[in-house]
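# Survey of secondary and tertiary structure
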Amino acid sequence: AVRSTEKAEVLLHGLRAREELSGPATILRVDLDDLSTIQPFVQEFLALGLPLNYLVNNAGVMTPTEFRGSKQGYETQFATNHLAHFLLTELLMPKL
């Protein structure tokens with residue numbers, strides 16, 4: 001899962017050029033600073049039919065030096081580190 005599918009495609013292309021990768025790669029977009037991207041991400045992921053054995057909510061924002069609001073107007077650290085992780089986990093719970 002990435003914020004920028006374009007950057008991920010470039011990275012994947014570079015990896016494939018340097019390494020012999022045997023498996024498929026699926027790039028899905030989600031921006032934890034924009035809660036409206038989480039449900040579409042979960043729907044796309046579930047449609048793949050892949051197993052989800054564990055979930056690590058690792059992305060985050062740490063100590064911004066000035067206030068910045070998320071797309072929904074919440075303080076960005078709170079939105080990214082708490083609200084987005086909660087929503088993502090809640091929507092994926094049936095698969096876990």
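Anyway, here's the lowdown on the structure attached to this text.

Rules of the game
- What you see as residue numbers is a count from 1 along each chain, following the sequence as written.
- In view of the model being predicted, local features appear only for residues whose pLDDT reaches at least 70, and side-chain atom pairs are presented and counted only at 80 or more, with totals across whole chains, interfaces and linings using the full set of residues.
- Excluding hydrogens and water, the side-chain values take into account all heavy atoms of the structure.
- Secondary structure follows DSSP: runs of H or I at least 4 residues long count as helices, runs of E at least 2 residues long count as strands, and numbering of each begins at the N terminus.
- Residue contacts are defined here by distance: any two heavy atoms, one from each residue, within 4.5 Å place the two residues in contact.
- Using protein atoms alone on a 1 Å grid, points that fit a 1.4 Å probe yet trap it form a cavity, whereas open point sets bounded by protein on both sides within 12 Å along at least five of seven lines form a pocket; residues with an atom within 4 Å of a point count as lining.
- Grid points are joined across faces, edges and corners, and a volume is the space filled by probe spheres set on the points.
- Note on residue categories: nonpolar means Ala, Val, Leu, Ile, Met, Phe, Trp, Tyr, Cys or Pro, charged means Asp, Glu, Lys or Arg, and polar means any other residue, Gly included.
- Side-chain atoms within 4.5 Å link the members of a nonpolar core, which is a set of buried Ala, Val, Leu, Ile, Met, Phe, Trp, Tyr and Cys residues.
- Only protein chains enter the accessibility calculation, which uses a 1.4 Å probe; a residue whose area is less than 20% of its type maximum is buried, one above 50% is exposed, and one in between is partly exposed.

Time to look at the side chain of Asp34. With respect to the element layout, Asp34 can be found in the loop between helix H1 (5-18) and helix H2 (38-47). Not counting residues within four places of it along the chain, the set of residues in contact with Asp34 comprises Lys71 and Gln72.

A word on the layout of surface pockets. The gaps left among the atoms become clear once a water-sized probe is rolled over them. Its boundaries defined by the atoms lining it, the largest pocket holds a volume of some 670 Å³. Lining the largest pocket are 29 residues, and of these Ala1, Val2, Val30, Leu32 and Ala59 sit closest to its centre. Of all the secondary-structure elements, those providing two or more residues to the lining of the largest pocket are H2 and helix H3 (76-92). It is H3 that provides the largest number of residues to the lining of the largest pocket, a total of 5 residues. Taken together, the residues of the lining of the largest pocket sort by class into 17 nonpolar, 8 polar and 4 charged.

Right, let's get into the nonpolar core. The biggest cluster of nonpolar side chains holds 12 residues, and these are Leu28, Val30, Leu32, Leu35, Ile38, Phe41, Val42, Phe45, Leu52, Ala84, Leu88 and Leu92. Going through the elements one at a time, H2 and H3 are the ones with two or more residues in this core. Counting residues per element, this core draws most heavily on H2, which supplies 4 residues. The residues touching Phe45, leaving out its near neighbours within four places in the chain, are Leu28, Leu50, Pro51, Leu52 and Leu92.

Examined against the element boundaries, Leu48 turns out to sit in the loop between H2 and H3. Through-space distance from the C-alpha of Leu48 to that of Leu28 is 11 Å; in sequence the pair is 20 residues apart. Contacts of Leu48, omitting those with residues within four sequence positions, involve Thr26 and Leu28.

Geometry only, nothing functional implied.
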